[in-house]
Amino acid sequence: MGSFTSRRHMFHIPEGITYLDGNSLGPMPLAAAERANTAIAEEWGPMLITGWNKAGWMHLPARLGDRIGRLIGAPEGSTVVGDTLSIKVYQAVASALELRPGRKVVLSDNGNFPSDLYMADGLLKSLGQGHDLKVVEPEAVADHISGDVAAVMLTHVDYRTGRVHDMKAITDKAHDAGAIMIWDLAHSAGALPVDLTACNVDIAVGCTYKYLNGGPGAPAFIYVRPDLIEEVRPALSGWLGHAAPFAFDLDYRPGEGISRMRVGTPPVLQMAVLDTALDAFDGIEMADIRRQSIRLSEQFISEVEASCKDVQLASPRDPLSRGSQVSFRFREGYAAMQALIARGVIGDFRAPDIMRFGFCPLYNTEEDVSRAAGALAEIIAADEWDKPEFKARKAVT
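Residues numbered from 1 in each chain as written. Predicted model: local features only at pLDDT ≥ 70, side-chain atom pairs only at ≥ 80, totals over all residues. Heavy atoms only, no water.

This part takes up the pattern of salt bridges. In this structure the tally under the stated criterion is 25 salt bridges. We note a salt bridge from Glu98 to Arg233, for which the minimum N-O separation is 2.5 Å. Pair noted here: Glu98 is in helix H4 (residues 85–99) and Arg233 is in the loop between strand E10 (221–224) and helix H7 (268–277), with a separation of 135 residues, a long-range link. Since its relative accessible area comes to 40%, Arg233 is described here as partly exposed. (Salt bridge = Lys/Arg side-chain N within 4 Å of Asp/Glu carboxyl O. Helix = DSSP H or I, 4+ residues; strand = E, 2+ residues; numbered from the N terminus. Buried < 20%, exposed > 50% of the residue type's maximum accessible area, 1.4 Å probe, protein only.)

If you walk through the whole model with that rule in mind, you get 1 cavity of 30 Å³ or more. Each pocket or cavity is described by its volume, and for the largest cavity that value is around 40 Å³. For the largest cavity, the full set of lining residues is Pro61, Val81, Gly82, Asp83, Arg262, Val263, Gly264, Pro266 and Met271. In the lining of the largest cavity, the residues fall into 5 nonpolar, 2 polar and 2 charged. (1 Å grid on protein atoms, 1.4 Å probe; cavity = no way out; pocket = protein on both sides within 12 Å on 5 of 7 lines; lining within 4 Å. Points joined across faces, edges and corners; volume = space filled by probe spheres on them. Nonpolar A, V, L, I, M, F, W, Y, C, P; charged D, E, K, R; others polar.)

A few words now on the state of the cysteines. Linking two cysteines covalently through their sulfur atoms gives a disulfide. In the structure shown here, the tally under the stated rule is 0 disulfides. Of all cysteine sulfurs, the one in Cys360 lies closest to Cys207, which takes part in no disulfide; the gap is 13 Å. Cys207 sits in the buried class, given a relative accessible area of 3%. (Disulfide = S-S within 2.5 Å.)

Another point: the packing of helix H8 (residues 286–307) against helix H10 (residues 366–381). Where H8 meets H10, the axes come as close as 9 Å, and the angle between the chain directions of the two elements is 25 degrees. The orientation of H8 with respect to H10, classified from their angle, is roughly parallel. The interaxial crossing formed by H8 with H10 has right-handed handedness. Taking contact as the criterion, the partners of Gln292, Leu296, Gln299, Phe300, Glu303, Val304 and Ser307 in H8 are, on H10, Glu366, Val369, Ser370, Ala372, Ala373, Leu376 and Ala377. Taken together, the residues that form the contact of H8 with H10 break down as 8 nonpolar, 4 polar and 2 charged. (Axes fitted to C-alpha atoms, helices over the stretch in contact; angles between N-to-C directions. Parallel < 35°, antiparallel > 145°, perpendicular 65-115°, else oblique. Left-handed = near helix turned anticlockwise from the far one by under 90°. Contact = heavy atoms within 4.5 Å.)

Now for the side chain of Arg103. The topology assignment puts Arg103 in the loop between H4 and strand E5 (105–109). As a buried residue without a salt bridge, Arg103 has its nearest oppositely charged side chain in Asp148, at a separation of 6.7 Å. A polar contact is formed between the side chain of Arg103 and the backbone oxygen of Ala177, at a distance of 2.8 Å. Look past the residues within four positions of Arg103 in its chain and what remains in contact with it is His131, Ser146, Gly147, Asp148, Val149, Ala150, Ala177, Gly178 and Ala179. (Lys, Arg positive; Asp, Glu negative; His and termini not counted. Polar contact = N/O pair within 3.5 Å; in protein donor to acceptor, adjacent residues only side chain to side chain.)

With antiparallel pairing, the 4 strands of this open sheet are ordered in space as E11-E12-E15-E14. Both outer strands of the open sheet, strand E11 (312–313) and strand E14 (348–350), are each paired with one neighbouring strand and no more. Pairing analysis gives 2 bridges linking E11 to strand E12 (residues 325–329), with the strands arranged antiparallel. The residue bridging Leu313 from the neighbouring strand is Phe328, located in E12. Sheet contacts for H8: E11, E12 and strand E15 (354–358); angle to E12, the most-contacted strand, approximately 20 degrees. (Pairing = 2+ DSSP bridges.)

Right, let's get into the packing of aromatic side chains. On inspection of all chains with the given rule, the structure shows 11 aromatic pairs. Measuring from centroid to centroid gives 5.1 Å for Trp239 and Phe246, while their planes differ by 65 degrees, and the two rings are edge-to-face. Residue classification places Trp239 among the partly exposed positions, given a relative accessible area of 42%. Take Phe246: its relative accessible area is 55%, and that puts it in the exposed class. Measuring from ring centre to ring centre gives 6.3 Å for Trp239 and Phe248, while their planes differ by 20 degrees; the resulting arrangement is stacked. The exposure class of Phe248 is exposed, given its relative accessible area of 56%. Grouping aromatic residues by their ring pairs yields a cluster made of Phe300, Phe328, Phe357 and Phe359. (Phe/Tyr/Trp six-rings, centres within 6.5 Å; stacked < 30°, edge-to-face > 60°.)

Another point: H7. Along H7, 8 of the 10 residues are buried, which leaves the element largely enclosed by surrounding structure. Those residues of H7 that fall on the buried side of the exposure criterion are Val268, Met271, Ala272, Val273, Leu274, Asp275, Thr276 and Ala277. The secondary structure elements touched by the buried residues of H7 are strand E3 (28–29), helix H1 (32–47), helix H2 (51–54), helix H3 (60–72) and strand E4 (79–81).

Turning our attention to the pairing of E10. Residues Phe221 and Tyr223 point to one face of E10 and Ile222 and Val224 to the other, with burial holding for every one of them. Here E4 runs beside E10; their pairing, made up of 3 bridges, is antiparallel. By the bridge assignment for E10, Val81 is matched with Phe221. Note that strand E9 (residues 203–206) and E10 share 4 bridges and pair antiparallel. The partner of Val205 across the bridge, within E10, is Ile222.

It is worth spelling out helix H5 (residues 114–127) at this point. Helix length check: H5 (14 residues) gives 20 Å between terminal C-alpha atoms against 20 Å at 1.5 Å per residue, within 8%. Of all the residues in H5, the buried ones are Ser115, Asp116, Leu117, Ala120, Leu123 and Leu124. Looking at the packing, one finds that the buried side of H5 touches H4, E5, strand E6 (132–136), strand E7 (149–155) and strand E8 (180–184). The positive-phi residue at the C-terminal boundary of H5 is Gly128, with phi of around 60 degrees. (Expected span 1.5 Å × (residues − 1).)

Geometry only, nothing functional implied.
Structure (structure tokens):
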């Protein structure tokens, strides 16, 4: 069993702030500004367009894909970075439908991130071929996997409650029924061990601005199982997914392997920051991060429940059944979270009544946990949340 050493010294955590929202946006790595400046001043500036070759910009999607692949149990050459998570979801579902012609159902659950459902629904409507997006309760997914299902599309860790699906069991059930299995790892990558290879997952997608700390708007990634990739036709036939982009053929030919899942031009400056952010994971095993995450979340639940009688745990009680976050229900959850933020304890809110707290052992400590639990107890005991300024809804909750 390994031991865990905090990497807090690698991140910018503002003075007086307890940051428990890395499950929504990771904090800035201290090296990010310097790396971005290098990309601007030493690459883009003097190299101009030659930076695509001299600075290796064109190879960033594959190189970063392999760095992320190590964290999610993906072999080299099976993951690529670029575009947004919504685009990657669209690619994944479209490819799955083509791999299973004649089947008309995409199965998901109501704990999935809404954007994933929006993208799937929009795709099915555009196809106009009678496909159906079937959305069920998370606990009922396995019971609805049948021979008419083309793809099962699930988020591994529920963004509201942190509930974790059994990746291996559901993937096996999907395969037994002949369906393609798609996993969204937005709340998993960098937070808990994932082994796409051992679970025999077909396609996986995820973002890099949460636990991977790539910064606001950081690009997404997509994984396709190596033995499946040559069968996959990219629905979004982007220039950089072409077999020979600079041949400028008028007809599309998919590139080799995972490169065919590239679409648009890589966001070089954002990828440079992501590259630096991933340094925090060097020399660390995800199993060690997971053990520390459980320690922090268990401490938080214990301290909150000992001092806050008006809140209800919305996350699974069993730490192995939840991701690296803890959610509590409170009748005035939004206002209470605003009161916490005013005290320098940053979490977030998810409708209708969930206060959400993320735990990232790379920078969160036991002291962070105690400060947050203590502040929440004081706010609720004194009805400190009951002020107009805390009840006024902002654009981002």
